[in-house]
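So the chains spell out like this:
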Amino acid sequence: VVVGPPVMYKHVIRVLLSKNIPENQILLSLERHMKCWTGKCGRCQIHKLRNVRDHLPEKMRGPVTKRIRKAYHADSALAAEAMLEALAKELDKTHPGAAGSLREGMAETLIVLRLDLPPTLARTFRSTNAVESMISISRDHSRNVKWWRDGQMAMRWCAAGMVEAGKQFRRV
């Protein structure tokens, strides 16, 4: 699993492939920092949308949701950023909490557009659910271990949990 700034992904992938690690075993998180480890911090498009909606009254949720989704499907990250910033300016007046939530981590939510991924892959990476699922399965895999001898043991269990999680992923 590669987590970090997007600029490092292609370099890390190149190194992993040179070490004969199969492509289908390389997982990427499009989050620079996974602040909450559950994805609820709104650093992916799906959770960002939910967080903004939570700050709005029921009657505004539909129209705002449509505008955010339209921005996330824009032709470029610059266009999407302009659309989202315009929406945030409108929300500033009446719902500053929603506007603040929309602006927070906006760059991270636009990484999918900046990478210019094929549509199927882009749909997968609009959410952190794959990473959350892997973390959850890894935790479950090691939940009965009561005594950790050292960091190496923890790393082995984590790796074993990731292998177990990998068996449950669908190929994109």
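Definitions and cut-offs
- Residues numbered from 1 in each chain as written.
- Predicted model: local features only at pLDDT ≥ 70, side-chain atom pairs only at ≥ 80, totals over all residues.
- Heavy atoms only, no water.
- Helix = DSSP H or I, 4+ residues; strand = E, 2+ residues; numbered from the N terminus.
- Buried < 20%, exposed > 50% of the residue type's maximum accessible area, 1.4 Å probe, protein only.
- Contact = heavy atoms within 4.5 Å.
- Core = buried A, V, L, I, M, F, W, Y, C linked by side-chain atoms within 4.5 Å.
- Salt bridge = Lys/Arg side-chain N within 4 Å of Asp/Glu carboxyl O.
- Axes fitted to C-alpha atoms, helices over the stretch in contact; angles between N-to-C directions.
- Parallel < 35°, antiparallel > 145°, perpendicular 65-115°, else oblique.
- Left-handed = near helix turned anticlockwise from the far one by under 90°.
- Arc of directions from axis to C-beta.

Caption draft 1: Spotlight on the overall build of the chain. Helix and strand counts for the chain come out as ten helices and zero strands. When the helices and strands of the chain are listed from N to C terminus, the series reads α-α-α-α-α-α-α-α-α-α. Among the 172 residues that make up the chain, the fraction classed as buried is 37%. Contacts in the chain between residues at least 24 apart in sequence constitute 59% of all its contacts with a sequence separation of at least 6.

Caption draft 2: Broad picture of the environment of Ser142. Considering the arrangement of structural elements, one finds Ser142 in helix α9 (residues 129-142). C-alpha of Ser142 to C-alpha of Trp157: the two residues are 15 residues apart in sequence and 6.3 Å apart in space. Each residue touching Ser142, except ones within four places of it in the same chain, is listed here: Trp148 and Trp157.

Caption draft 3: Quick peek at the environment of Asp140. Structurally, Asp140 is set in helix α9. Separated by 21 residues in the primary sequence, Asp140 and Gly161 have C-alpha atoms spaced 8.0 Å apart.

Caption draft 4: The arrangement of the nonpolar core in detail. Formed by 20 residues in total, the largest nonpolar core has its most connected members in Val52, Val64, Ile68, Leu84, Leu91, Leu102 and Leu110. Elements that contribute at least two residues to this core include exactly α2 (45-54), α3 (58-72), α4 (77-94) and α5 (96-103). When residues in this core are grouped by element, the largest group, six residues, is from α4. In contact with Val64, other than residues within four places in its own chain, are Val52, Leu56, Leu87 and Leu91. Among the nonpolar cores identified, the runner-up in size contains five residues, and Val131, Met134, Ile135 and Ala165 belong to it.

Caption draft 5: A look at the side chain of Ser101. Relative to the helices and strands, Ser101 is located in helix α5. When neighbours within four sequence positions are excluded, Ser101 is seen to be in contact with Lys48, Asn51, Val52 and His55.

Caption draft 6: Representation of the pattern of salt bridges in the model. If you walk through the whole model with that rule in mind, you get six salt bridges. A salt bridge links Arg103 to Asp92; its shortest N-O distance comes to 2.9 Å. One end of the pair, Arg103, is in helix α5; the other, Asp92, is in helix α4, and eleven residues separate them in sequence. Between Glu164 and Lys167 there is a salt bridge whose closest N-O contact spans 3.5 Å. Linking Glu164 with Lys167, this pair stays in helix α10 (residues 151-168), spanning three residues, or about one helical turn. Owing to a relative accessible area of 29%, Glu164 belongs among the partly exposed residues under this scheme. Bridged by salt links that share partners, the residues Glu85, Asp92 and Arg103 form one connected network.

Caption draft 7: Broad picture of the packing of α3 against α4. The interhelical angle for the contact between α3 and α4, taken along N-to-C directions, is 155 degrees, at an axis separation of 8 Å. Judged on the interaxial angle alone, α4 and α3 are roughly antiparallel. With respect to the hand of their crossing, α3 and α4 are arranged in left-handed fashion. Contacts between α3 and α4 involve Met60, Val64, Arg67, Ile68, Lys70, Ala71 and Tyr72 from the first element and Ala80, Met83, Leu84, Ala86, Leu87, Glu90 and Leu91 from the second.

Caption draft 8: How the structure looks around unusual backbone geometry. One non-glycine residue, Asn20, adopts positive backbone phi at about 65 degrees. Tracing the backbone shows Asn20 in the loop between α1 (9-18) and α2. Residue classification places Asn20 among the exposed positions, given a relative accessible area of 69%.

Caption draft 9: Main features of α5. Buried residues of α5: Ala98, Ala99, Ser101 and Leu102, and no others. Buried residues along α5 cover an arc of 165 degrees about the axis, so they all sit on one side. Next to the buried residues of α5 lie α2, α3, α4 and α6 (106-109). Once α5 ends, the next one or two residues include Gly105, with phi positive near 70 degrees.

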